[in-house]
Amino acid sequence: MIFQRAIRRELGGVAGAVFTALFTITITVMLIKILGQAAGGKVASSDVILLIGLAALKYLPIILILTGFVSVLLVVARSCQDMEMVVWFASGLSLSKWIRPVLIFALPWVLCTALLSFVLTPWATKVGAEITERFEKREDIALIAPGKFRESSSANRIFFVEGKSGDAMKVQNVFVNTWQNGQINVIVAKQGFTEMNADGEKFLVMQKGRRYESLPSQSDSSIQSDFQMMDFERYAVLLARPALSLVGDKSARSLSTFALFSNPNRSNQAELLWRISLPLMCLLLMLFAIPLGFVHPRAGRSMNLIIALLLYISYSNMVSILEVMVAQGRLAFFWACWPIHMVVLSMTVALFLWRINVHDRYHPVMLWKSFKRVCCFKQAKRLQHCKQSKQSESTAS
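Summary of the structure given here. (Residues numbered from 1 in each chain as written. Predicted model: local features only at pLDDT ≥ 70, side-chain atom pairs only at ≥ 80, totals over all residues. Heavy atoms only, no water.)

Moving on, we get to the packing of helix α2 (residues 48-81) against helix α6 (residues 266-292). Where α2 meets α6, the closest approach of the two axes is 7 Å, and the angle between their N-to-C directions is 10°. One element, α2, and the other, α6, form an angle in the roughly parallel class. Contacts between α2 and α6 involve Pro61, Ile62, Ile65, Gly68, Phe69, Val72, Leu73 and Val76 from the first element and Trp274, Leu278, Met281, Cys282, Leu285, Met286, Ala289, Ile290 and Leu292 from the second. Among the residues making up the contact of α2 with α6, the classes are represented as 16 nonpolar, one polar and no charged. (Axes fitted to C-alpha atoms, helices over the stretch in contact; angles between N-to-C directions. Helix = DSSP H or I, 4+ residues; strand = E, 2+ residues; numbered from the N terminus. Parallel < 35°, antiparallel > 145°, perpendicular 65-115°, else oblique. Contact = heavy atoms within 4.5 Å. Nonpolar A, V, L, I, M, F, W, Y, C, P; charged D, E, K, R; others polar.)

Oppositely charged side chains are able to pair whenever their charged atoms sit close together. Inspection of the entire model under this criterion finds six salt bridges. Across the pair Glu10 and Arg78 runs a salt bridge, and its minimum N-O distance is 2.4 Å. Separated by 68 residues along the polypeptide, Glu10 in helix α1 (residues 2-39) and Arg78 in helix α2 bring together distant segments of the chain. For Arg78, a relative accessible area of 21% translates into the label partly exposed. (Salt bridge = Lys/Arg side-chain N within 4 Å of Asp/Glu carboxyl O. Buried < 20%, exposed > 50% of the residue type's maximum accessible area, 1.4 Å probe, protein only.)

Our next topic: the environment of Glu233. Inspection of the secondary structure assignment puts Glu233 in strand β6 (residues 225-240). Sequence separation of Glu233 and Lys208 is 25 residues, and the distance between their C-alpha atoms is 4.4 Å. Residue contacts for Glu233: discarding those within four places in its chain leaves Met206, Gln207 and Lys208.

Let us now look at the side chain of Thr348. Within the secondary structure, Thr348 sits in helix α9 (residues 339-358). On the basis of relative accessibility, which here comes to 4%, the residue Thr348 falls in the buried class. Once residues lying within four places of it in the same chain are set aside, the contact partners of Thr348 are Leu284, Leu287, Phe288 and Pro291.

Below, the discussion takes up the nonpolar core. Counting residues in each nonpolar core, the largest one holds 50 residues, and the members touching the most others are Phe69, Val72, Met85, Leu95, Trp98, Met286 and Tyr315. Where this core is concerned, the elements lending two or more residues are α1, α2, α3 (84-90), α4 (99-136), α6, α7 (302-327) and α9. Residues in contact with Phe69, not counting those within four places in the same chain, are Leu285, Met286, Ala289, Leu292, Ala308, Leu311 and Tyr312. Counting residues in hydrophobic clusters, the runner-up holds eleven residues, among them Phe159, Val171, Val174 and Ile187. (Core = buried A, V, L, I, M, F, W, Y, C linked by side-chain atoms within 4.5 Å.)

Scanning all chains against the criterion turns up six aromatic pairs. In textbook terms, an aromatic cluster arises when at least three aromatic residues are bridged by ring pairs, as seen for Phe334, Trp335 and Trp338. (Phe/Tyr/Trp six-rings, centres within 6.5 Å; stacked < 30°, edge-to-face > 60°.)

Taking 1.5 Å per residue as the helical rise, α1 with its 38 residues ought to reach 56 Å, and the 55 Å between its terminal C-alpha atoms agrees with that figure. Burial in α1 covers these residues: Gln4, Ile7, Leu11, Ala15, Val18, Thr26, Met30 and Ile34. (Expected span 1.5 Å × (residues − 1).)

A few words on the environment of Phe23. Topologically, Phe23 is positioned in helix α1. Residue classification places Phe23 among the partly exposed residues on the basis of a relative accessible area of 28%. Residues Phe23 and Thr67, 44 residues apart in the sequence, show an inter-C-alpha distance of 9.7 Å.

The axes of two packed helices give the description: the angle between them and the distance between them. Orientation of α1 relative to α2, taken along the N-to-C sense of each, is 150°, at an axis distance of 7 Å. Taken together, the axis directions place α1 and α2 in an arrangement best described as roughly antiparallel. Classified by chirality, the crossing of α2 by α1 is right-handed. Here the contact of α1 with α2 is built from residues that sort into 27 nonpolar, three polar and two charged. (Left-handed = near helix turned anticlockwise from the far one by under 90°.)

Of the strand pairs in this sheet, strand β1 (residues 150-151) and strand β2 (residues 157-164) are connected by two bridges, and their pairing is antiparallel. Looking at the pairing, Glu151 lines up with Ile158 of β2. Sheet topology note: the β2/strand β3 (residues 170-180) ladder contains seven bridges and is antiparallel. The partner of Lys164 across the bridge, within β3, is Val171. (Pairing = 2+ DSSP bridges.)

We now examine the environment of His341. Mapped onto the fold, His341 is located in helix α9. Beyond its immediate stretch of four places on either side in the chain, His341 contacts Ser277, Leu280, Met281, Leu284 and Tyr315. Among the polar contacts listed, one links the side chain of His341 to the side chain of Ser277, at a separation of 3.4 Å. Among the polar contacts made by the side chain of His341, one reaches the side chain of Tyr315 at a distance of 2.6 Å. (Polar contact = N/O pair within 3.5 Å; in protein donor to acceptor, adjacent residues only side chain to side chain.)

Here's what the structure looks like:
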């Protein structure tokens, strides 16, 4: 029990360090990506923190799987190199006794991975898509910031206002540049405000301004053009049509697990296969790390880390390949959901047996047999020595 408590305590400390490192790297990458989208006008700057949190939820199952796998691998390798494994074997325990403390440690990780895979990750994908779509369908007047040129959501209109009045929907000294059908229209006005008609369409109404409209030039040069100027007292520019409901992400990634079971088509079955595989991968990789991390005390552990990395990549890619085959209808869901996991489980059992047989000289039974063999050999040597002494004495007499 002391050994098991020590193992669980060490696993918790190593897992905390590994999780912190992996989560920091993921958050940094997501921060750079989302900040780039915000700078390019694809997402709102006020939604950056929320989008980073949603992105972290989507990548958190993979982080938990890697954390558990690497933590068990490092703890077992360190125990072997520090000769603690020899003490473990000499105390009457075998390598298989690591399974219980590792399973106790793995249970919360598997439950968290299952919760994220089946509930939180689809929700985060759906909410993130809705936030992005809401920003894409934003009203053009909401983009206007005093002293800044801002592009419309349709990318064919540029706004500039010098300032806003007390009402946030009223602006002063307005400049609007529109590109449509190869023509450039420039509108300048002293003030403007938003107005909605009976059909729900929203307009930017400008007062006391001037409109410049480009006309094709009669010259041979295609870049030259003439402008027609018109003064107005009131001019309206369509900003937004009646608001449509958000469509969001309708792919299988954003559907709830209940919806996947309710509509078992190919894409939904493929997504369900991926969600079921994540907690199974978390559990099987932790168990596989026990015999994989067992190394000779004088040997390095670099090779085992490389093998572990290749194993995780191969395992994850095989699950992805099976997911694609199910989505394409080339493989039935039943024949894709369990064979790869059974292969990894068989490899784990085989590696356990091989490690125990190869290093059975440390097993307490083998140590007892070796001790009895040494004792018998020493007793035989003493008997032989006594016999030779008696023969020498008889010869001398």
